[in-house]
Amino acid sequence: MPTFTKVLVANRGEIAVRIFRTLRELGIGTVAVYSDADRGRLHMRVADEAYRIGPGPADQSYLRTDIIVETALRAGAEAIHPGYGFLAENAAFARAVEEAGLTWIGPPPAAIELMGSKTEARAAMRAAGVPIIPGSTDPVQTVERVVELGEEIGYPLIIKAAAGGGGKGMELVSEASEAAHAFEAAQRQGLKYFADDTVYVEKYLENPRHVEAQILADAHGTVLFLGERDCTIQRRHQKLIEETPSPAVDAALRARIGEIAVNAARAAYYRSAGTIEGLLTAEGEYFFMEMNTRIQVEHTVTELVTGLDLVREQILVAQGEPLSLRQEDVTLRGHAIECRINAEDVGKDFLPAPGLITAYGEPSGPGVRVDSGIRAGDEISELYDPMIAKLIVHDTNRETARRRMLRALAEFRIEGPPTLLGFHAALLTEPRFIDGDACHGLVESKELAQRAEEMTETFSHWATSVAGSPDGTSTQTRERVVAVEVDGRAFDVRLHTTEPPWAALGRRRRDRSAAGGGAGSGAVVSPMQGTVLKVLVADGDSVAAGQVICVVEAMKMENEITATRGGVVTELGVAPDQGVTIGQLICVVSAVG
Ligand code: MV4
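Model, not experiment: these values are computed from the prediction. (Residues numbered from 1 in each chain as written. Predicted model: local features only at pLDDT ≥ 70, side-chain atom pairs only at ≥ 80, totals over all residues. Heavy atoms only, no water.)

## A closer look at the overall build of the protein
When you go through the protein residue by residue, the secondary structure sums to 16 helices and 34 strands. Overall, the protein is about 65 × 65 × 50 Å in size when its C-alpha atoms are taken along their principal axes. Relative to its 593 residues, the protein shows a buried fraction of 51%. For the protein, the share of sequence-separated contacts (at least 6 apart) that also reach a separation of at least 24 residues comes to 63%. With the model as given, the accessible surface of the protein reaches about 25500 Å², and the carbon-plus-sulfur share is 50%. Computed over 60 positive and 83 negative side-chain charges, the inter-centroid distance for the protein is 5 Å. (Helix = DSSP H or I, 4+ residues; strand = E, 2+ residues; numbered from the N terminus. Buried < 20%, exposed > 50% of the residue type's maximum accessible area, 1.4 Å probe, protein only. Contact = heavy atoms within 4.5 Å. Areas by Shrake-Rupley, 256 points an atom, 1.4 Å probe, with all protein chains shown as cover. Lys, Arg positive; Asp, Glu negative; His and termini not counted. Charge placed at Lys NZ, Arg CZ, Asp CG, Glu CD.)

## Examining the site of the ligand
In the vicinity of the ligand there are 18 residues, among which Lys160, Glu202, Lys203, Leu205 and Gln234 approach most closely. The contact in question runs from a nitrogen atom of the ligand to an N or O atom on the backbone of Lys203, over 2.8 Å. Contacts to the ligand include His237, whose side-chain N or O atom sits 3.2 Å from a nitrogen atom. Protein chains bury 89% of the 530 Å² of accessible surface belonging to the ligand in isolation. When contributions to the shell around the ligand are tallied by element, the ones reaching two or more residues are strand E6 (157–165), strand E8 (199–203) and strand E9 (209–217). Tallied by class, the residues present in the shell around the ligand amount to eight nonpolar, six polar and four charged. (Near = heavy atom within 4 Å. Polar contact = N/O pair within 3.5 Å; in protein donor to acceptor, adjacent residues only side chain to side chain. Nonpolar A, V, L, I, M, F, W, Y, C, P; charged D, E, K, R; others polar.)

## A few points about the nonpolar core
Ranked by internal contacts, the top residues of the largest apolar core, which has 56 residues, are Phe4, Leu8, Leu23, Ile68, Ile80 and Phe93. Going through the elements one at a time, strand E1 (6–9), helix H1 (13–25), strand E2 (29–34), helix H3 (65–75), strand E4 (79–81), helix H4 (91–99), strand E10 (223–230) and helix H11 (310–318) are the ones with two or more residues in this core. Ignoring anything within four residues of it in the chain, the contact list for Ile80 reads Leu8, Ala10, Ile68, Val69, Ala72, Phe93, Val97, Leu102, Thr103, Trp104 and Ile105. Counting 39 residues, the second largest nonpolar core, distinct from the first, contains Ile341, Val370, Ile388 and Phe433. (Core = buried A, V, L, I, M, F, W, Y, C linked by side-chain atoms within 4.5 Å.)

## Examining the pairing of strand E28 (residues 530–535)
Sheet topology places E28 next to strand E33 (residues 579–580); two bridges connect them, and they run antiparallel. Bridge pairing links Thr531 to Gly579 in E33. In terms of strand pairing, E28 meets strand E30 (residues 548–554) through four bridges, oriented antiparallel. Bridge pairing in E30 places Thr531 opposite Glu553. (Pairing = 2+ DSSP bridges.)

## Focus: the packing of aromatic side chains
On inspection of all chains with the given rule, the structure shows seven aromatic pairs. Here Phe350 and Phe423 contribute two aromatic rings whose centre-to-centre distance is 5.2 Å and whose plane-to-plane angle is 85 degrees, an arrangement assigned as edge-to-face. Here Phe350 is found in the loop between strand E17 (344–345) and strand E18 (351–352), whereas its partner Phe423 is found in helix H13 (residues 421–428), with 73 residues between them in sequence. A relative accessible area of 5% places Phe350 in the buried class. Taken together, the ring pairs connect Tyr62, Phe86 and Tyr384 into an aromatic cluster. The lysine or arginine in question, Lys168, covers the ring of Tyr193, its NZ or CZ lying 5.5 Å from the ring centre. Above the face of the Phe433 ring, Arg398 is positioned so that its terminal group lies 4.4 Å from the ring centre. (Phe/Tyr/Trp six-rings, centres within 6.5 Å; stacked < 30°, edge-to-face > 60°. Lys NZ or Arg CZ within 6 Å of the ring centre and 35° of its normal.)

## Regarding the environment of Val317
On the secondary structure map, Val317 appears in helix H11. On the accessibility criterion, Val317 (4% relative accessible area) is buried. Remark: the alpha-carbon pair of Val317 and Glu411, spanning 94 residues in sequence, is separated by 38 Å. Not counting residues up to four positions away in its chain, the partners in contact with Val317 are Ala217, Asp218, Arg271, Ser272 and Leu323.

## Considerations on the sheet that holds E30
Spatially, four strands are ordered E31-E30-E28-E33 in an open sheet, and the strand pairing comes out antiparallel. Either end of the sheet is taken by a strand with one partner, and the two such strands are strand E31 (557–562) and E33. Relative to the sheet, helix H8 (residues 179–194) contacts E28, E30 and E31, its axis offset from that of E31 by approximately 125 degrees. (Axes fitted to C-alpha atoms, helices over the stretch in contact; angles between N-to-C directions.)

## Focus: the environment of Cys339
By the secondary structure assignment, Cys339 is in strand E16 (residues 335–342). Once residues lying within four places of it in the same chain are set aside, the contact partners of Cys339 are Leu240, Ile241, Ala389, Lys390, Leu391, Met405, His424 and Leu428.

## Observations regarding the state of the cysteines
With the rule as written, the count across this model stands at zero disulfides. Note on Cys550: no disulfide assigned, nearest cysteine sulfur contributed by Cys587 at a separation of 7.6 Å. (Disulfide = S-S within 2.5 Å.)

## Focus on the packing of helix H12 (residues 398–411) against H13
Look at H12 against H13: their axes get within 10 Å of each other, and the N-to-C directions meet at 155 degrees. Put simply, H12 runs roughly antiparallel to H13. For the crossing formed where H12 meets H13, the hand is left-handed. Along the contact surface, H12 presents Arg402, Met405, Leu406 and Leu409, while H13 presents Leu421, His424, Ala425 and Leu428. Within the contact of H12 with H13, the residues separate by chemical class into six nonpolar, one polar and one charged. (Parallel < 35°, antiparallel > 145°, perpendicular 65-115°, else oblique. Left-handed = near helix turned anticlockwise from the far one by under 90°.)

## Brief notes about unusual backbone geometry
Geometrically, the link from Gly54 to Pro55 is a cis peptide bond, its omega value of -5 degrees lying close to zero. Structurally, Pro55 is set in the loop between strand E3 (49–52) and H3. Cis geometry is found at the peptide bond from Tyr155 to Pro156, where omega equals -5 degrees. One non-glycine residue, Ala195, adopts positive backbone phi at about 55 degrees. By the secondary structure assignment, Ala195 is in the loop between H8 and E8. Judged by its relative accessible area of 67%, Ala195 is exposed. Backbone geometry at His237 places phi at a positive 65 degrees, although glycine is not the residue there. Here His237 is to be found in the loop between strand E11 (234–235) and strand E12 (238–239). Overall, His237 belongs to the partly exposed group, its relative accessible area being 40%.

Here is the structure:
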């Protein structure tokens, strides 16, 4: 049985740091790789050795399979852990690792490949008796076939890219007349994002919960079910909050989900940690949706309720060892919640807001865990995911865990870019969340965005009084009311403190972007850097407030740019395939009459 002396982690940020911690506990040497953009960052500092992946564009660094394998050999590592994202679900890379004589800390390449094709996965799961969402298991090649399926299983339908997953390349079909448009859009997105225009069709389930099952499998025939996670609270298919147990799952349903998950893993000849993603309907039906063949961002909540280290189990399994426990030894204790603390602007439709972290202080205390790769002075780069940290709490039940999360959110000090701290505080105090409701539509609501902003104000922390500022920008004073007691009598005292220098920088940036075209001016400006995909209006067209003007692709996402008020389009200055920068004028919507 090989025991590793050194492992390379082909990843960055919090997950690389997370894996290095476990490797250290196991007495295994640690090897980091880093892009030029990540030089000096935490993940390379905590490893025993760190190797630059270069030259080349930094956003591609962690995808350089050849260099990563070479680096592992050069460093004398025996194995590679891919983390999540990047190469984690790349079967060709897993094979290349094994062909180089290294061990792949992950599932068999054939299992990655099977689950990578959503149609093949559905066919295999159906054959294994795993309930799949009604629809096609073969690729759907014509609009006529879509309409036929609509007649068979009823509308609405959803068309998904077979090579997709996680929500990219999905199109809704409410009735037959929409089939052609949706079919072409799903094909186009499949081709663009996954270089594969194969699509399939599912019945569209209304307002389901996203409930996923964690499994662990070894090479000796043991497959464990480690409970479910509820990841219903998402925004543009990005999970924001994950918790376990799911408020919608009782013991009987949990047993059924566990059986489905173990059957799915066995049918795929699975090994390592894996997740069966499923949809749970309001009627209590549970369907397999897809399998993620990697350690996931939200594995942490499962770790807190099981007391296990899932990364350690992955490493032991890769070494050929049996899992450290049996199913009857798995106990699920209490409740855990994870909030993803992203650098995003809730008020701007959750637009990623890369920038310098000028101050950073993590919460701690009972039942609090923070997984992060960030320190004060680090830059949240626009090249990668804008996640700053994962904040995870554990307590005896959901309500105490919720309160613990609110306490921890208030302790978290992050200055520089806008973050989701206030958003999470607003969401966790919503009656619907408190009730364990699925909260469909809540994340997108204006009311919640408003409350998130108020919470952010509450969280705007103790300004250090610093004279002057780095670039000579004049600092302003902040006013806040503080309750004090003098000789046993209470007073409200108005304090005027000088804002820190970075606050002035942030304010100037905000002022600049606001000047780019507020609601009043009728100017439609691009809120992001990207490429124009489509222009849906022409000069002289009448548009209503909220009507889509054009579609801009940025960070592999299609973003609809809408009119901020109704009127007539003038000064239209963009065309398909054209690049646009932040704040660039797209058109002016002139008021009529
Ligand atoms: C669905 C669906 C309804 N019906 N599939 C897929 C990727 C994941 N991010 C969300 N996905 C969905 N797939 C069928 N057949 C609805 C969603 C969905 C969703 C599901 C659960 C909780 C929140 C959601 C938010 C958006 C879309």
